[in-house]
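# Architecture and fold: a report
Single-letter residue listing:
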Amino acid sequence: MSRSLATIQQVIEPIKNEIVNHKVYQVIESLEDLRIFMEYHVYAVWDFMSLLKALQINLTCTTTPWFPVGSGNTRSLINEIVAGEESDVDANGDKKSHFEMYLDAMQQCGASTTEIMIFIEALKTTGNFKEAYQKAKTPIAAQNFVDYTFKTIDSHTAHLQASTFTFGREDLIPQMFLTMVNDLNQKFPDQLSLFKYYLDRHIEVDGDHHSHLALEMTAELCKNDEMLLQQAEEATIQALKMRISLWDGALEEILAKKKA
């Protein structure tokens, strides 16, 4: 069977369904449950930006002296996505990255941002992921998720980075989760309005316009080459499996807190 991007989409559909129907969405019933989920999810929001910037570094010139790199089309695609993700408009009309918007939502909700900020500051200082994890007491599931992302980043292989970005990071949030957030927001508008805004903005930008740009970028990088497409498929499958494991970690902690 010859591969194409459509083939990859068909192959990964069952794994995506596992994510969309994951039990973690079914057990989030309170603000406390949601806070735990956000404290796991924030690692995926953060390393999404690192994956995106790795693509920009590979597909454009980000150093001086400047020289043209790759095709003008891929440069245009990745730069447009970066601009939207790194400097979007938050609920107050201020320019912020989606990660910063997520931190704002966590703080409003009462979720702890201490762990992720300790991790980031330690990583800035030492450049050592293992040490940063230890200082922040990062959950194992989040460590494994970030490690796989950076394995893809460190491959310095644009078509693998693009495929995991396009197929492993596109919107996978089910309607039941959005409905739950909307219901909680009606009860606690002073604690969830920013998270609701983040989700709405994420779906509007990432799930529509950016997903089309990313798909076009991935198609151009894979060039209808059978070997490149196979590699892209394998990398995407693993990225989605890592997402399932991340959700498993959040589910386990939520259930443990409920029992306690």
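Counting from 1, residues in each chain are numbered in the order their sequence is written. Two thresholds apply to this predicted model, a pLDDT of at least 70 for residue-level local features and 80 or more for giving and counting side-chain atom pairs, whereas whole-chain, interface and lining totals are computed over all residues. The basis for every side-chain value is the complete set of non-hydrogen atoms in the structure, without hydrogens or water.

### Notes on helix H5 (residues 98-109)
Counted only if it meets this: Strands here are runs of E lasting at least two residues and helices are runs of H or I lasting at least four, both read from the DSSP assignment and numbered beginning at the N terminus. In this analysis, the expected span of each helix is defined as 1.5 Å times one less than the number of residues it contains. Note on classification: 1.4 Å probe, protein chains only; a residue is buried when its accessible area is under 20% of the maximum for its type, exposed when over 50%, partly exposed between these limits.
In a regular helix each residue adds 1.5 Å, so 12 residues correspond to 16 Å; H5 covers 16 Å between its end C-alpha atoms and thus fits that length. Within the span of H5, buried status applies to His98, Phe99, Met101, Tyr102, Leu103, Ala105, Met106 and Cys109.

### Describing the side chain of threonine 236
Counted only if it meets this: Residue contacts are counted whenever heavy atoms from the two residues lie within 4.5 Å of one another.
Residue position: threonine 236 is located in helix H12 (residues 226-259). Those residues within four positions of threonine 236 in sequence are excluded, and the remaining contacts are Ile12, Ser163, Thr164, Phe167 and Gly168.

### Topic: the pattern of salt bridges
The condition is simple: By salt bridge we mean one thing: a side-chain nitrogen of Lys or Arg within 4 Å of a carboxyl oxygen of Asp or Glu.
Scanning all chains against the criterion turns up 10 salt bridges. Taking the shortest distance from any N to any O, the salt bridge between glutamate 29 and lysine 258 comes out at 3.0 Å. Of this pair, glutamate 29 sits in the loop between helix H2 (23-27) and helix H3 (31-59) while lysine 258 sits in helix H12, and the two are 229 residues apart along the sequence. Using a relative accessible area of 57% as the deciding quantity, one classes glutamate 29 as exposed. Since its relative accessible area comes to 37%, lysine 258 is described here as partly exposed.

### As for the packing of aromatic side chains
Spelled out, the test is: Classification of ring pairs rests on two measures: the distance between centres of Phe, Tyr or Trp rings, Trp counted by its six-membered ring, which must be within 6.5 Å, and the angle between planes, read as stacked under 30 degrees, edge-to-face over 60 and tilted in between. Charge-over-ring contacts are defined here by two conditions on Lys NZ or Arg CZ: a distance within 6 Å of the ring centre and an angle within 35 degrees of the ring normal.
This model, assessed by the stated rule, comprises 13 aromatic pairs. Between tyrosine 43 and phenylalanine 119 the ring centres are 5.6 Å apart and the planes differ by 65 degrees, which places this aromatic pair in the edge-to-face class. One end of the pair, tyrosine 43, is in helix H3; the other, phenylalanine 119, is in helix H6 (residues 114-126), and 76 residues separate them in sequence. For phenylalanine 119, a relative accessible area of 0% translates into the label buried. Judged by centre distance (6.2 Å) and plane angle (50 degrees), the rings of phenylalanine 129 and tyrosine 133 are tilted. A residue pair is termed a helical-turn pair when its members lie 3 or 4 positions apart in one helix, as phenylalanine 129 and tyrosine 133 do in helix H7 (residues 129-136) at four residues. With relative accessibility at 4%, the residue tyrosine 133 sits in the buried group. Three or more aromatic residues link up through ring pairs in this structure, and these residues are Tyr43, Trp46, Phe119, Phe129, Tyr133 and Phe150. A cation over a ring is seen here: arginine 243 above tryptophan 247, with NZ or CZ 5.1 Å from the ring centre.

### Regarding the side chain of histidine 22
The cut-off we apply is this: In protein, a polar contact requires one atom able to donate a hydrogen and another able to accept it; more generally it is a pair of N or O atoms within 3.5 Å, and residues adjacent in sequence count only if both atoms are side-chain atoms.
Turning to its location among the elements, histidine 22 is positioned in the loop between helix H1 (5-20) and H2. There is a polar contact of 2.6 Å between the side chain of histidine 22 and the side chain of aspartate 248. Discounting chain neighbours no more than four positions away, the residues touching histidine 22 are Ile244, Trp247, Asp248 and Leu251.

### Here's the deal with the packing of helix H9 (residues 158-168) against H12
The following threshold applies: Axis lines are fitted to C-alpha atoms, over the contacting stretch for helices. Their N-to-C directions set the angle, which ranges from 0 to 180 degrees. Here is the rule for angles: anything less than 35 degrees is roughly parallel, anything more than 145 is roughly antiparallel, 65 through 115 is roughly perpendicular, and the remaining ranges are oblique. Should the near helix be turned anticlockwise from the far one by less than a right angle, the crossing is left-handed, and should it be turned clockwise, the crossing is right-handed.
In contact at an axis separation of 8 Å, H9 and H12 are set at 45 degrees when each is read in the N-to-C sense. Judged on the interaxial angle alone, H12 and H9 are oblique. In terms of crossing hand, the pair formed by H9 and H12 is right-handed. For the pair formed by H9 and H12, the contact residues are His159, Leu160, Ser163, Thr164, Phe167 and Gly168 on the first element and Leu228, Gln231, Ala232, Ala235, Thr236, Ala239, Leu240 and Arg243 on the second.

### Structural notes on the environment of glutamate 39
For glutamate 39, the position within the fold is in helix H3. A residue is classified by how much of its surface remains accessible, and glutamate 39, at 23% relative accessible area, is partly exposed. Between the C-alpha atoms of glutamate 39 and proline 139, which are 100 residues apart in sequence, the distance is 9.5 Å. Residue contacts for glutamate 39: discarding those within four places in its chain leaves Met106, Ala111, Ser112 and Glu115. Of the polar contacts made by the side chain of glutamate 39, one reaches the backbone nitrogen of serine 112; its length is 2.9 Å.

### A look at H12
The end-to-end C-alpha separation of H12 is 50 Å, in line with the 50 Å expected for 34 residues at 1.5 Å each. The N-cap residue of H12 is aspartate 225: its side-chain oxygen and the backbone nitrogen of methionine 227 are 2.9 Å apart.

### So, unusual backbone geometry
Between threonine 64 and proline 65 the backbone carries a cis peptide bond, its omega angle lying at -5 degrees. Residue position: proline 65 is located in the loop between H3 and helix H4 (72-86). In the Ramachandran plot, histidine 156 falls in the positive-phi region, its phi being about 55 degrees despite a non-glycine side chain. On the secondary structure map, histidine 156 appears in the loop between helix H8 (140-154) and H9. Unusually for a residue other than glycine, lysine 223 sits at a positive phi of about 55 degrees. By the element assignment, lysine 223 lies in the loop between helix H11 (189-222) and H12.

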